[in-house]
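Structure assessment
Okay, here's what each chain looks like letter by letter:
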Amino acid sequence: MELNNKLMEALKISIQETFGTILSLSPVETDAQICLNTNGILTAIGVTGSIDGNVVFGLPSLDACKVVSKMLGMDIQEPNADVADGIGELTNMLAGGMK
């Protein structure tokens with residue numbers, strides 16, 4: 001299996017496990033296009049080892065608030081430092097799950 005395919009498969013598994021365990025959600029893969037917008041939270045985690053690179057994860061602000069609200073068990077309506085930290089931690093978990 002090509003390295004890119006191995007990484008994508010590892011990421012899919014990590015997403016399923018992380019979202020299932022931390023958020024009690026079952027993500028569904030779609031054909032959605034990657035869209036970077038300025039109204040969201042975007043995080044990146046550097047990865048080193050047998051390969052080097054970055055895992056980048058982002059969500060629109062409203063979705064980021066909902067995800068972190070679920071993580072923390074509190075209602076967050078507006079993006080703030082807790083939301084940024086929570087999405088950063090989620091990105092860290094996704095990257096860690098790819099090992």
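Heads up: the structure comes first, above all this text.
Residues numbered from 1 in each chain as written. Predicted model: local features only at pLDDT ≥ 70, side-chain atom pairs only at ≥ 80, totals over all residues. Heavy atoms only, no water.

**A word on the environment of G96**
Filter applied, for reference: Per the convention used, a helix needs a DSSP run of H or I reaching at least four residues, while a strand needs a run of E reaching at least two, with both numbered from the N terminus.
Relative to the helices and strands, G96 is located in helix 3 (residues 81-96). Sequence separation between G96 and S14 is 82 residues; the distance between their C-alpha atoms is 8.1 Å.

**Quick notes on the pairing of strand 2 (residues 53-60)**
What counts here: At least two bridges found by DSSP between two strands is the condition for calling them paired.
Pairing geometry for strand 1 (residues 40-47) and strand 2, over 8 bridges, is antiparallel. From the neighbouring strand, T43 faces strand 2, where its bridge partner is F57. Taking the residues that link successive antiparallel strands as the turn, the strand 1-strand 2 hairpin has 5 residues, and the phi of G49 there is positive, at about 150°.

**Examining the packing of aromatic side chains**
Aromatic rings in a pair are described by how distant their centres are and how their planes are angled relative to each other. The cut-off we apply is this: Aromatic contacts are taken between Phe, Tyr and Trp rings whose centres are within 6.5 Å, Trp giving its six-membered ring; a plane angle under 30 degrees counts as stacked, one over 60 as edge-to-face, and the others as tilted. The rule is simple: take the accessible area with a 1.4 Å probe, protein chains only, and divide by the maximum for that residue type; under 20% is buried, over 50% is exposed, in between is partly exposed.
Counted by the stated rule, this structure contains 1 aromatic pair. Between F19 and F57 the ring centres are 6.3 Å apart and the planes differ by 70°, which places this aromatic pair in the edge-to-face class. Here the residue F19 occupies a position in helix 1 (residues 3-23), and F57 occupies one in strand 2, the gap between them amounting to 38 residues. As far as burial versus exposure is concerned, F19 and F57 are alike and both buried.

**Let's talk about helix 3**
Our working definition: What a helix should span is 1.5 Å times the count of its residues minus one. Residue contacts are counted whenever heavy atoms from the two residues lie within 4.5 Å of one another.
For helix 3, with 16 residues, the first-to-last C-alpha span of 22 Å sits near the 22 Å given by 1.5 Å per residue. Inspection of helix 3 places V83, G86, I87, G88, L90, T91, L94 and A95 among the buried residues, and these make up the whole buried set. If you follow the buried residues of helix 3, they end up packed against helix 1, strand 1, strand 2 and helix 2 (61-72).

**A word on the environment of L3**
In this fold, L3 is placed in helix 1. Note: C-alpha distance between L3 and I51 (48 residues apart in sequence) is 9.9 Å.

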